[in-house]
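Here is what each chain is made of, one letter per residue.
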Amino acid sequence: MNVTDIKPSDIITHLNNQNKNYCQATGLNALIFLALREQTTVAHQHKELGFDDIPEQIIAWCDCLDEYDLTELAAEIANGLWDENIAAALVIKISEPIAVQAI
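Residues numbered from 1 in each chain as written. Predicted model: local features only at pLDDT ≥ 70, side-chain atom pairs only at ≥ 80, totals over all residues. Heavy atoms only, no water.

(A) Fine view of the nonpolar core. Formed by 21 residues in total, the largest nonpolar core has its most connected members in Ile11, Leu28, Ile32, Val42, Cys62, Leu73 and Ile77. Elements with a minimum of two residues in this core: α1 (8-17), α2 (22-38), α4 (56-63) and α5 (67-95). Each residue touching Val42, except ones within four places of it in the same chain, is listed here: Leu31, Ile32, Ala35, Ile59, Cys62, Asp63 and Leu70. (Core = buried A, V, L, I, M, F, W, Y, C linked by side-chain atoms within 4.5 Å. Buried < 20%, exposed > 50% of the residue type's maximum accessible area, 1.4 Å probe, protein only. Helix = DSSP H or I, 4+ residues; strand = E, 2+ residues; numbered from the N terminus. Contact = heavy atoms within 4.5 Å.)

(B) Spotlight on the packing of α2 against helix α3 (residues 42-49). Relative to each other, α2 and α3 sit at 115 degrees, their axes nearing to 8 Å. The angle between α2 and α3 places the two elements in the roughly perpendicular class. Judged by the sense of rotation from one axis to the other, the crossing of α2 with α3 is right-handed. Here α2 contributes Leu31, Ile32, Leu34, Ala35 and Glu38 to the contact with α3, which in turn contributes Val42, Gln45, His46 and Leu49. (Axes fitted to C-alpha atoms, helices over the stretch in contact; angles between N-to-C directions. Parallel < 35°, antiparallel > 145°, perpendicular 65-115°, else oblique. Left-handed = near helix turned anticlockwise from the far one by under 90°.)

(C) Examining α2 more closely. Taking 1.5 Å of rise per residue, 17 residues should cover 24 Å, and α2 covers 24 Å from first to last C-alpha, within 8% of that figure. Of all the residues in α2, the buried ones are Gln24, Ala25, Gly27, Leu28, Asn29, Leu31, Ile32 and Ala35. (Expected span 1.5 Å × (residues − 1).)

(D) Up close: the packing of α1 against α4. Their axes nearest at 10 Å, the elements α1 and α4 cross at an angle of 165 degrees. By the angle between their axes, α1 is roughly antiparallel relative to α4. Here α1 runs over α4; the crossing is left-handed. Taken together, the residues of α4 that come into contact with α1 (itself represented by Ile11, His14 and Leu15) are Gln57, Ile58, Trp61 and Cys62. Split into classes, the residues belonging to the contact of α1 with α4 amount to 5 nonpolar, 2 polar and no charged. (Nonpolar A, V, L, I, M, F, W, Y, C, P; charged D, E, K, R; others polar.)

(E) Local environment of the pattern of salt bridges. All chains considered together, the criterion is met by 2 salt bridges. The salt bridge involving Asp10 is made with Lys7; its shortest N-O contact spans 3.7 Å. With its nearest N and O atoms 2.4 Å apart, the salt bridge here joins Arg37 to Glu38. A relative accessible area of 64% means that Arg37 is categorised as exposed. Judged by its relative accessible area of 39%, Glu38 falls in the partly exposed class. (Salt bridge = Lys/Arg side-chain N within 4 Å of Asp/Glu carboxyl O.)

(F) Geometry of α4. Buried within α4 are the following residues: Ile58, Ile59, Trp61 and Cys62. For α4, the angular spread of the buried residues around the axis is 160 degrees, confining them to a single face. (Arc of directions from axis to C-beta.)

(G) Representation of unusual backbone geometry within the structure. Within the chain, Gln39 stands out as a residue other than glycine whose phi angle is a positive 55 degrees. As for its placement among the helices and strands, Gln39 is situated in the loop between α2 and α3. Classification of Gln39 as exposed rests on a relative accessible area of 73%.

Worth remembering: the numbers are spatial, not functional.
Below, the structure written as structure tokens:
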């Protein structure tokens, strides 16, 4: 894959295929949002914060995106994290025992 052809969906697909965990996805999103806020690169934030569990390749791909695509990527990651939270909450709710009350 040519680095200049990277799209947010390519990074999401790669993350999904690598089974990246919740902490890594949250960390990557933090780096992206900080880079956008501070008007720096994701690599700069990665170096500054030292999130070593996020692969350099992903960081490099993020820095190939323009601001619009980087924001789209962050939104997609956040949406995935939200979906994970909802799914986890449903599992907990479904697995709770039902108390029977006498009438």
